[in-house]
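Chain residues, written in single-letter form:
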Amino acid sequence: QWDSMLHFCHSCGRGVLQMLEVTLNVLVLICVVSSHFTLSGFSAGMASGGFGGGYYPFEGQELQEVRQLDQEFTLLRSPLIYGGLSVCLLMGTLTLAILAHGSRHLLDLSKKWLLIEAAFSAVASLGYGAAVGVFLHFALQINSTDVCKKRERLYARNGLTWMDCNLSGTDGGAATFGIILLILYGVSVVLAARAYKEKKALEQ
């Protein structure tokens, strides 16, 4: 009975960790989408029916210029939004599938499945590490372009100093959650490997 309870605790622990991983994938997704809409600027505000509660700070030539710069900046960042969405949706969906199948009692799981679970978590951990690095590299690179600097000056000239070329809070949030996921997936590797050893011991 004690062994059965211990096996259940290990399965439960892996399940809780995987639920956290799914939740964090959703949070990364929210940050990536929020970053896209926030940094789209005045043009996105006009498309949604207003900017800053219906306030329109640009007119005439400045209006045309800010529209063009917003479009160029959004185009530069489009790989980040599409790449971020792809990574979050893929990892979140696969983690949810792993959770659904692997939440059963250890005695009901095969050694092959536990190896698959460990391999997936290892790939996910390394993948998120690479994804965060690539995301930050391109985000900072885009922020250093002339398009971003011209856009920053134009917004600042109209009192909108928050639209600058520093790393945005939403980009930082996405990267932070990504790093946490890297760690959690690494812990999942350890737990899956431990479960594999216990399963192997039970069969001997």
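Residues numbered from 1 in each chain as written. Predicted model: local features only at pLDDT ≥ 70, side-chain atom pairs only at ≥ 80, totals over all residues. Heavy atoms only, no water.

Peer 1: Is there a simple way to think about the nonpolar core in this case?
Peer 2: The nonpolar side chains of a soluble globular protein tend to be buried, and buried together. Ranked by size, the top nonpolar core spans 20 residues in total, and within it V28, M91, F120, Y128, L181 and Y185 carry the most contacts. Membership of the second largest hydrophobic core comes to 17 residues, among which are F73, L80, I142 and V147. (Core = buried A, V, L, I, M, F, W, Y, C linked by side-chain atoms within 4.5 Å. Buried < 20%, exposed > 50% of the residue type's maximum accessible area, 1.4 Å probe, protein only.)

Peer 1: Mind showing me how you'd approach the packing of aromatic side chains here?
Peer 2: The description of an aromatic ring pair uses the distance of the two centres, along with the angle that the planes make with each other. One pass over the full model with this rule turns up two aromatic pairs. Between the aromatic rings of F120 and Y185, the centroid separation amounts to 6.1 Å while the plane-to-plane angle is 90°, which identifies the pairing as edge-to-face. A residue pair is termed long-range when its members are at least 10 positions apart, and F120 in helix α4 (residues 111–143) and Y185 in helix α6 (residues 169–203) qualify at 65 residues. Overall, the relative accessible area of 15% leaves F120 in the buried class. Note on Y185: relative accessible area 0%, which makes it buried. On the numbers, 6.2 Å between centres and 15° between planes, the contact of Y128 with Y185 is stacked. In this pair, Y128 sits in helix α4 while Y185 sits in helix α6, placing the two residues 57 residues apart along the sequence. Judged by its relative accessible area of 2%, Y128 falls in the buried class. Put simply, the rings of F120, Y128 and Y185 touch in pairs and so form one group of aromatic residues. (Phe/Tyr/Trp six-rings, centres within 6.5 Å; stacked < 30°, edge-to-face > 60°. Helix = DSSP H or I, 4+ residues; strand = E, 2+ residues; numbered from the N terminus.)

Peer 1: Would you mind going over the environment of K111 with me for this structure?
Peer 2: Of note, K111 is situated in helix α4. On a C-alpha basis, the gap between K111 and E198 in space is 9.6 Å, while along the polypeptide they are 87 residues apart. Once residues lying within four places of it in the same chain are set aside, the contact partners of K111 are Y196, K199, K200 and E203. (Contact = heavy atoms within 4.5 Å.)

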